[in-house]
Each structure stands twice: as C-alpha cells, then as structure tokens.
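Structural overview for review
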Amino acid sequence: MFAAILCAAIGLGDFGWDFSQQRSRNLTRFAEEMRPFPLQHVPWDTRVAWQWSTELFSDRGATAAAQTLAISLVAISIAGLIGLALSLPAARTFARPDAWSRASPDSRPLARMAWTSLYVTTRAVLIALRSMPEYVWAFLLLAALGPTPWVAVCALAFHNVGTLGRLGAETVENAEPRVFESLRGLGAGRFQIVAFGLWPQLLPRFLLFHFYRWETCVREATVLGMLGIASLGFWIDDARARGHTDELVFWVLLGSVIVLVGDAASAVARSVVRRA
Amino acid sequence: MTPADAVGKRPWPVGPRAIVLLSLLAAGAWGVVYLELDLSGLVPGAGGIATAKRFFARALSPAWVSEARFVPADAPPLLIGALEGAWQTIRFAAAAVALSLVIGIALGIPASTALWAADPAGARTAAGRLARRSLFPAVYVSTRGLIGFLRSIHELLWAVLFLVAFGLNDSTAVVAIALPYGGVLAKIFSEMLDEVPRGSANALREIGARPLQVMLFGLIPRVAADFTGYTFYRMECALRASAVLGFFGFPTLGLFIRQSFSATNYGEVWTYLYTLAVLVIAFDAWSAAVRRRLAS
C-alpha cells in the first residue's frame, strides 16, 4: 500500500502545474462566454436569463432528459436480469456437482470438471465485459449499429452485466451456508435450494447494487450521447462544436439536475429495500 | 415493524420490496416504449455487418507491428507505443486519485457530523457551543451541497468544460477526473465517519483529549482500512476514465484506439483493447489482494 501512495505522489508531482497569466485570461474569457447569448456584453437581467433557460429546456432539454433517463432505465433493467442470472454459475459454491452439501467433492470428477469450466467461462466473460469502459463499448457498437439508442443501451448493459454479475456472485458465495445445508439434508434439489434458501438473501442485496449501478448508468447515459446518440450528451457535443459556451454550460447543469433526481429516486428505493 | 409483525395485518398482497422491483421493471418497460426500441434495431445494416465482420475477424490476431500505410521513420514500434499509452493512462489516473484523495478527505471531514453532533469531541466553552449550533451545521450543509454538485457532473463533462476553457493540457485531465472522484470519496469518507462505532472515540474524550486528537486517533484508524479498499476501487474506475479521456485528445489509450479505428487498422485497435483489458484486470487483481489483506 505504501508503494501505491508513492506512485500516486510521483504521478501528482510529475504534471506541469502552471498558474500562469494565460490560464487566468482563459478563465475570464470562459466566464464571459458562459453568460446566455442575449445577455452578453449587456447588464445582467434575470428575467431574460430565465426565459432563455426555459426556451432551451422546452425546446430540446425535456426530450433529451427523458431520453437519457429512458436509456439508463432500459440498460439497467437488462443488465440486472442478465447479471442476476449469471451470478449463479459465476459463484464457486453453486458451480460444483453437489452444491451446498456437506459431502466431500471427491466423487464424479467429470461432473466437477464440467462445472468448473462453466464457472471459469462465466467469470472470464464477466471480467471481459467489466474491464471495457462503457464509452469504448459504445464507440465500437456505433460502427456496427449506427446512431440508435440501442448503442447506448447495449454499451451500458454490457459493462453493467459484468459488474452486477460479479457483485451477485460474491453475494452468493458469502451467503449463510447453514440454511442451504439443512435444505439439502431435507432432500431439496439444487434449484429448490436456490428458490427457497438463496433468493431471500440474494434479492435485497442485489437490488441495492442494482440501484447503485443505476445512478452510474444515468451519468454515463448523459455522456454517451456525445458520440452522436440522441440523449443530453448529443446537445452538449453540439454546443461545444458550435462554440456556444452558454448552451454548453446549461446542458451540463441540466445533466447535473437529472443525475441528482436519479440519485434521489435511487436513495428512496434503496431505503425502502433496506427497511423491508 | 419487522415483516414478521406485518404478516397478520398487511394491507397489500405484495411487500414493499416487491413494489420496488415491479416499479423498476415498469420503468424499464416505459423506457423501451419511449425510445421506440424494437429488436430489429439490434440487427446491423449491410455496412455495419461488413465493418463488424472485419473488426471481429481481427479479434484473435491483434497487430504486433503498426498497420499504418505510412509510418514515420522514428516512430516507436507498436507494442512500445501501446505500453507508452498504458503508462500515460496509469499516470493520469494515479495523479487524479491522489488529488481526489486530498479533496475527499478535506471535504469529507466537514461533511460528517462526527466532530460535533453526537459529541465524541465535546465543546467545553460557550463559544464552542455556539459554533456547534450555528457554524458547524452551516458548514455541514454547504459542504454536502458542494459534494453533491461535484459528484453530479461526469468526469468527461468536466473534461469538456475544461477543454473549452483551458485547452488541451495534462493538468486539465487530472483535475477533470479528480473533481467528481473527490466528491465521491468525500461522501464515502463522511458516511464512514458517521457510521463507525464510537467506542474508542468516546474513551479518548473521557480522558480529556482535544477534538482533533479524538478524531485522528479514535475515528480515522477505524475507517482507514475500509476507506483504503474503496480508494483502490476508485483507482480502477480512474484507470478506465483516463483511458476514455484519450478519446478527447489526451495522450492515453483512448486516443490510440480512436485513431486506429478511424484509420480502420482494426488489428491495432485490438492490440490497444487487450492492453487496456490487461491493465484493468491486473489492477483489479492487485486491489482484491490488498483488500483481502486489509480485511484479515
């Protein structure tokens, strides 16, 4: 860990931190360009600024916000379902011939090999999905599918299947084993154990992870639009390309509002799940 | 009221957790309808299929030498270039996490109530009590607002703002990642400080330690292990974020990926993708080992 701190310190010191005059001139120029277009070089009038904001919002902002939220919701729902399904074969305690039984696993080497290969494959797939950032997935999918919302949905879903699958698998592996052993002693089959013993433990924790990842999905959905997909990021990139810094700042702040709304909804949902 | 108490008098046939699950699925369904998604959108068009075929054909045969038609005489070999990109990615990410640690701890302490609300470090003078009733709550609320604001803007959007304001610069990338990550670390740090058991902190207060000593020796050692584990996770996210920042022009792996993809040198793209994957997986393995050692 000390090595890590040392690396970080070296990394931080290596950068050209300049607080030159050019930097402060750029900052003042940016602050001037940030003012809404009708108000540049003119005394500040809040009513004009408000009218400009509401025009932008009703014209494009509301649709863009709804599109961003929709993309994030569809992506996280798909990722949740697939991740939940994949967390079973990715869990070491499930992926063996006599799951959750006290018997020693020396018998049936062929079945054990089959289960182990399933486990290794699932884990490898989850790691591969997880290690690519969503932006890279979207960039690659864009070439194949064109600028449709499916690109953003699939990019977010792929990455989050990896994350949620891994978190779900860890939850399955850390589940309380005595319940399973007693169910096994009663003669329950593998999937009966899952349905009656594992599900009540797994679902609440998985829902918590699910909502936590949804918050990240909302942020990423905002940004993925910068590749050309119809969401808030599209208008951010549009304003940047045109040099309309005032609109750029407005869209970024609108994105911030969307994220805060999503965070609030997620916090409410998570507290309901925790209390139940 | 536990679920066991509610069994006899539950008004609804389904519990609150099921309601949450159902509303989540309903929201997903609304999204599908709103975006007018249908499964035909998943099938690529003719041009898309051709590109995808050419791209995936190189998946198992990434390039070992540069595929560009014109390579400058003094250009480094492809693998060295990939390693250089990986090193830049690590460099940006490490600096960003270091800066965000500073921001996180600096903001996390005023954003937690550990210092003043539940009184593990009591106020002994009238001025101290007045501060606890007016100044500290104001600082608390404003710091929480600042943290929420920092967290709500994605690091790529911060990067876009800084690019427009200051142009392409090493430190703009670092600050762009460090601001939201510092906000996240501050929130986690403050929550850990609030939730950690106060036993040792109270004991220190009993023997008369000053508030700063109580916090430094009573609260922070308790959260240090968990917070270090979470910082390692943030570093993994920072690695991915700094790779993506390359798409905007910064000299990390994303820049190489974008350039090679635009030049349709798909073998090179796969080389860079594998480099990124190895980087993230190696760091993930290291961070898991560190977290296991911290937890034991």
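For clarity, every value in this text was computed on a predicted model and none was experimentally measured.

Procedures and definitions
- Residues numbered from 1 in each chain as written.
- Chains lettered and ligands numbered in written order.
- Predicted model: local features only at pLDDT ≥ 70, side-chain atom pairs only at ≥ 80, totals over all residues.
- Helix = DSSP H or I, 4+ residues; strand = E, 2+ residues; numbered from the N terminus.
- Buried ≥ 20, exposed ≤ 12 C-beta atoms within 10 Å, placed from the backbone.
- Contact = placed C-beta atoms within 7 Å.
- Nonpolar A, V, L, I, M, F, W, Y, C, P; charged D, E, K, R; others polar.
- pLDDT = per-residue confidence, 0-100.
- Axes fitted to C-alpha atoms, helices over the stretch in contact; angles between N-to-C directions.
- Parallel < 35°, antiparallel > 145°, perpendicular 65-115°, else oblique.
- Left-handed = near helix turned anticlockwise from the far one by under 90°.

Turning to the overall build of chain A, a few remarks are in order. In terms of regular secondary structure, chain A is built from ten helices and zero strands. Scanning chain A from its N terminus toward the C terminus, one meets helices and strands in the order α-α-α-α-α-α-α-α-α-α. Considering chain A as a whole, with its 276 residues, one finds that 43% of them fall into the buried category. Taking the intrachain contacts of chain A between residues at least 6 apart in sequence as the baseline, contacts between residues at least 24 apart amount to 71%.

Chain A puts 53 residues into the contact, and the matching count from chain B is 53 residues. Here the side of chain A that touches chain B takes ten residues from helix α10 (residues 245–275) of chain A, the largest share from any one element. A breakdown of the residues in the side of chain A that touches chain B according to their chemical character gives 37 nonpolar, twelve polar and four charged.

Summary statistics for chain A give a mean pLDDT of 84 and a share of 90% for residues scoring 70 or more. Across chain A, the secondary-structure element scoring lowest on mean pLDDT is helix α1 (residues 2–13) of chain A, at 62, and the one scoring highest is helix α6 (residues 149–173) of chain A, at 92.

Another aspect to go through is the packing of α10 of chain A against helix α6 (residues 155–166) of chain B. Closest axis-to-axis distance for the α10 of chain A/α6 of chain B pair is 11 Å, and the angle between their directions is 160°. Classified by the angle between their axes, α10 of chain A and α6 of chain B sit roughly antiparallel to one another. Here α10 of chain A runs over α6 of chain B; the crossing is left-handed. Together, T245, L248, V252 and G255 of chain A of α10 of chain A and L157, L161 and V164 of chain B of α6 of chain B make up the contact between the two elements. In terms of residue class, the contact of α10 of chain A with α6 of chain B is made up of five nonpolar, two polar and no charged.

A few words now on the environment of L255 of chain B. Residues and elements named next belong to chain B. Structurally, the position occupied by L255 is in helix α10 (residues 253–262). On the neighbour-count criterion, L255 (19 C-beta atoms within 10 Å) is partly exposed. As for L255 and G85, which are separated by 170 residues in sequence, their C-alpha atoms are 8.6 Å apart. Setting aside residues no more than four positions away along its own chain, L255 makes contact with G246, F247, G249 and F250.

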